[in-house]
Amino acid sequence: MPAQHLAIILLVIGNLAASLSDVAVKLLDGQVPTFQYVFLRQLLSLLIVFPLWWRQPYEKRQLQKVTVNLLRAHLILIGSGCMIIAITHLPLATANAVFYAAPLIMLPLSAWLLREPPSITKSLATLLGFTGVLVVLRPSEFHSAAWFALGTAITIALFNVSARRLPPEQGVVSTLFWTSALSLPLSAILALYYWRPISAHEIILILSSALLILGYNGLAVMAYRKAPASNIAVAENSGLFFVTLFGVLWFAEVPDWLTAVGIILIVVPLIPWRLFKKQQVGFQ
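Residues numbered from 1 in each chain as written. Predicted model: local features only at pLDDT ≥ 70, side-chain atom pairs only at ≥ 80, totals over all residues. Heavy atoms only, no water.

Asks: Now, about the overall build of the chain: what can you tell me, with residues and values included?
Replies: Each helix and strand in the chain was counted, giving 14 helices and zero strands. Start at the N end of the chain and walk to the C end: the helices and strands fall as α-α-α-α-α-α-α-α-α-α-α-α-α-α. In summary, the chain has a C-alpha radius of gyration of 19 Å against a globular reference of 19 Å for 284 residues, a match within 12%. Its C-alpha atoms put the chain at 60 × 50 × 35 Å along the principal axes. (Helix = DSSP H or I, 4+ residues; strand = E, 2+ residues; numbered from the N terminus. Rg over C-alpha atoms; globule rule 2.2 N^0.38 Å.)

Asks: I'd like to hear about the confidence of the model for the chain, residue by residue, with values.
Replies: Per-residue pLDDT for the chain has a mean of 83; in total, 90% of the residues score no lower than 70. In this model, residues 275–284 is a region of pLDDT below 50 whose contacts with residues beyond four sequence positions or in other chains number two contacts. (pLDDT = per-residue confidence, 0-100. Contact = heavy atoms within 4.5 Å.)

Asks: Account for the packing of aromatic side chains, with residues named and values stated.
Replies: Aromatic rings considered in pairs are described by the distance between their centres and by the relative angle of their planes. Applying the stated criterion to the full structure yields 12 aromatic pairs. Here Y193 and Y194 contribute two aromatic rings whose centre-to-centre distance is 4.9 Å and whose plane-to-plane angle is 80°, an arrangement assigned as edge-to-face. Residue classification places Y193 among the exposed positions, given a relative accessible area of 67%. When its relative accessible area of 41% is taken as the criterion, Y194 is described as partly exposed. Aromatic side chains F246 and W250 sit 4.9 Å apart centroid to centroid with 20° between the ring planes, which places their arrangement in the stacked category. In this pair, F246 and W250 both sit in helix 12 (residues 238–251), four residues apart, roughly one turn of the helix. (Phe/Tyr/Trp six-rings, centres within 6.5 Å; stacked < 30°, edge-to-face > 60°. Buried < 20%, exposed > 50% of the residue type's maximum accessible area, 1.4 Å probe, protein only.)

Asks: Let's hear about the nonpolar core: which residues, and what values?
Replies: Side chains of nonpolar character tend, in soluble globular proteins, to be buried together. Judged by nonpolar contacts, the single largest core of 44 residues is most densely connected at Y37, M83, I87, F99 and L240. Leave out the neighbours within four places in its chain, and Y37 touches V25, L28, V32, M83, I84, I206 and S209. The next biggest cluster of nonpolar side chains, apart from the first, holds 25 residues, and it includes A157, A163, I213 and A235. (Core = buried A, V, L, I, M, F, W, Y, C linked by side-chain atoms within 4.5 Å.)

Asks: Give a description of the side chain of Q170 that names residues and reports values.
Replies: You can see Q170 is positioned in the loop between helix 8 (146–162) and helix 9 (172–194). Of the polar contacts made by the side chain of Q170, one reaches the side chain of N69; its length is 2.9 Å. The contact partners of Q170, leaving out residues within four places of it in the chain, are Q62, L63, Q64, N69, T175 and R225. (Polar contact = N/O pair within 3.5 Å; in protein donor to acceptor, adjacent residues only side chain to side chain.)

Asks: Tell me about the environment of H89, and please be specific about residues and values.
Replies: If you trace the backbone, H89 turns up in helix 4 (residues 66–89). Residue classification places H89 among the partly exposed residues on the basis of a relative accessible area of 48%.

Asks: I'd like a description of a nonpolar patch on the surface, backed by residues and values.
Replies: On the surface, a nonpolar cluster with roughly 380 Å² of combined accessible area is contributed by W147, F148, L150 and I154. One can find W147 in helix 8. (Patch = residues over 30% accessible without salt bridge, like charges linked within 9 Å, V, L, I, M, F, W, Y side chains within 5 Å. Areas by Shrake-Rupley, 256 points an atom, 1.4 Å probe, with all protein chains shown as cover. Salt bridge = Lys/Arg side-chain N within 4 Å of Asp/Glu carboxyl O.)

Asks: Let's hear about unusual backbone geometry: which residues, and what values?
Replies: At K65, a residue that is not glycine, the phi angle is positive and equals roughly 50°. Mapped onto the elements of the fold, K65 is located in the loop between helix 3 (58–61) and helix 4. We classify K65 as partly exposed; its relative accessible area is 48%.

Right, here's the structure in full:
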């Protein structure tokens, strides 16, 4: 399988995990303070990854490019905080429609930071997806929390583009470990200020969110190392389909016809039309 196709598959699976993480956050319903949630999720992520990280050879466990890893750790803090506010106060589909502006933001970022200018086809496909975002997020649906959703989109774009700056010798497990570890000092300080007792049910939801978002981060690192960001970023939009489905099934957030049209505009660019063409040629 070509590396680019595999990278797209990894991103789609990762976005399914991220969508389920959003469901866990939605179920918390804002009862856990934002910074307390972020700290606990990062701490749980560190504890989950630690055994895998420790079993690696010494050289594999070393922190490489401290600045890049530190930047990515704090992008997670900012993005997670914005995400919680957006998901708590907006329908899942509406919040994620803004989140999935990230691929459009990644195009200029990858061209600027990575010197990876996108092709005309990729640019048009991403613009089509962004048109779908605009259709889903109509003026009547706009809420002040949408600004926090936009903040999440920007941090997602920066987080994914910066994965290409990670050194090859720093594997996925070490990347996940150091990203979680470096985010703890600041998140702990903020969490202590807003700390309150939480129930076992809330801890289970936070743990589930940690596991799922950890899966997304790992898959995203693998995907963006396998292909240029501008070639695969449009696959991030698959998560909008997942959260819309989960919103209907679990929160009775039934989309209207305009929302459905917007989702179609976002999903259509993800279809691997070239694969269908190759299959047709093979039958001739």
